[in-house]
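Descriptive analysis of the structure
In case you want the letters, here they are:
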Amino acid sequence: MNSWFRQHRFALGDAFRHLFKTPGNFLLNVLVVSIALALPFAGLTLLENVRPVSEQLAVEPEISVFMQMDASRERATALAPEIRRIAQEAKHPVKLEFIPREKALNTLKDKTGLEDAIATLGSNPLPDAYVVKMTGFQNDGDAGKIKTITGKLQALNGVEYVQIDSAWVERLAALLQVMRLILLFLGATLGVVVVAVVFNTIRLQVMTQREEIEVSRLVGATDAFICRPFYYTGALLGLIAGAVALLAVAVALNPLNTAIADFARLYASEFRLMPLNTGTTLLMLAASAFLGLLGALLSVQRHLARLA
């Protein structure tokens with residue numbers, strides 16, 4: 001075990017020694033790899049910040065049933081049992097709330113500050129309405145039930161329009177899923193770029209140390225002993241580039257948060273983008289180091305075979 005640690009310590013020291021011999025080339029390679037990694041890291045940071053917000057949104061469907069403007073109050077209130085019966089066909093708990101047009105108008109005035117504009121209309125432009133709240137919906141089959149219930153409510157005599165108020169939440173969830181797939185494709189594509197950059201870097205290093213490798217073989221060095229410093233070089237390149245990319249994304253959040261704060265303030269929110277948490281950061285650094293190691297592994301195996 002001591003011998004194994006000693007060999008790896010020597011390989012790591014040798015990797016650092018070769019890096020310091022050509023710091024300019026190493027820094028340039030780090031810059032190229034970090035640029036390739038920064039884009040998926042930035043996308044992941046955005047998704048990680050949006051995900052908690054989307055999870056807090058109410059996903060339970062709410063159906064608003066708007067009565068016709070000429071429907072009497074008696075006709076509107078008489079529809080309550082029929083609306084409840086139709087809603088309960090989904091076999092989920094139902095809460096039914098009747099909203100008189102006068103209450104809806106007062107709420108609109110209080111929340112929008114459009115008292116003067118509404119006053120110019122002369123009469124109340126809002127109809128009586130019902131809000132049907134249901135819980136326990138989880139899958140696509142339940143979504144089909146909601147559409148069926150909406151159609152039956154729309155067919156009731158005296159109903160003008162039926163709206164599913166939580167449909168926008170479903171669209172947001174679908175949009176986030178598309179973003180995840182795009183990020184996955186982008187990460188895979190740029191991961192190939194990282195492997196290619198490290199592959200070429202290690203290839204040049206193997207060619208530069210060709211005579212040293214041949215002498216090492218003459219004195220009995222194994223291929224594992226010869227390859228090990230190159231593996232560490234690739235892993236170090238990926239690790240340092242990943243750290244630079246994460247740092248660049250974290251720094252870029254400051255000006256973005258300044259703009260986001262002004263926008264969020266309009267909606268009485270304090271939303272701001274936060275850097276990735278410690279666990280995710282370590283995972284991204286490990287992934288960066290693995291990509292560097294993979295590029296070095298492919299390069300060394302290919303070019304050492306040619307030198308044999």
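For clarity, every value in this text was computed on a predicted model and none was experimentally measured.

Time to look at the nonpolar core. Within soluble globular proteins, side chains that are nonpolar tend to cluster in buried spots. Formed by 34 residues in total, the largest nonpolar core has its most connected members in L37, F41, V194, I202 and V300. For this core, the secondary-structure elements that each account for two or more residues are α1 (2-21), α2 (23-56), α8 (167-208), α10 (223-265) and α11 (278-307). Excluding residues within four positions of it along the chain, V194 makes contact with V33, A36, L37 and L291. In terms of nonpolar packing, the next biggest core, distinct from the first, is built from 20 residues, V65, A71, Y130 and V159 among them.

This model, assessed by the stated rule, comprises 4 salt bridges. With its nearest N and O atoms 3.1 Å apart, the salt bridge here joins R73 to D128. Linking R73 in helix α3 (residues 73-78) with D128 in the loop between α6 (115-119) and β3 (129-134), this pair joins segments that are 55 residues apart in sequence. The class for D128 is buried, based on a relative accessible area of 6%. One network of salt bridges, in which partners are shared, links R73, E102 and D128.

Okay, the side chain of T45 next. Within the secondary structure, T45 is located in helix α2. Look at T45 and you get buried, because its relative accessible area is 3%. A distance of 2.8 Å separates a polar atom in the side chain of T45 from the backbone oxygen of F41. Residues within four places of T45 in sequence aside, it is in contact with V249, L253, M274 and L276.

A few words on the packing of aromatic side chains. By the definition in use, this model includes 2 aromatic pairs. Ring centres 6.4 Å apart and planes at 20 degrees place the aromatic pair F66 and Y161 in the stacked group. Linking F66 in strand β1 (residues 62-67) with Y161 in strand β4 (residues 159-164), this pair joins segments that are 95 residues apart in sequence. When the ring of F98 is compared with that of Y130, the centres are 4.9 Å apart and the planes differ by 55 degrees; the resulting orientation is tilted. Here the residue F98 occupies a position in strand β2 (residues 94-99), and Y130 occupies one in strand β3, the gap between them amounting to 32 residues. According to the relative accessible area criterion, F98 is partly exposed, its value standing at 24%. Residue Y130 is classed as buried on the basis of its relative accessible area, which comes to 2%.

Procedures and definitions
- Residues numbered from 1 in each chain as written.
- Predicted model: local features only at pLDDT ≥ 70, side-chain atom pairs only at ≥ 80, totals over all residues.
- Heavy atoms only, no water.
- Core = buried A, V, L, I, M, F, W, Y, C linked by side-chain atoms within 4.5 Å.
- Buried < 20%, exposed > 50% of the residue type's maximum accessible area, 1.4 Å probe, protein only.
- Helix = DSSP H or I, 4+ residues; strand = E, 2+ residues; numbered from the N terminus.
- Contact = heavy atoms within 4.5 Å.
- Salt bridge = Lys/Arg side-chain N within 4 Å of Asp/Glu carboxyl O.
- Polar contact = N/O pair within 3.5 Å; in protein donor to acceptor, adjacent residues only side chain to side chain.
- Phe/Tyr/Trp six-rings, centres within 6.5 Å; stacked < 30°, edge-to-face > 60°.

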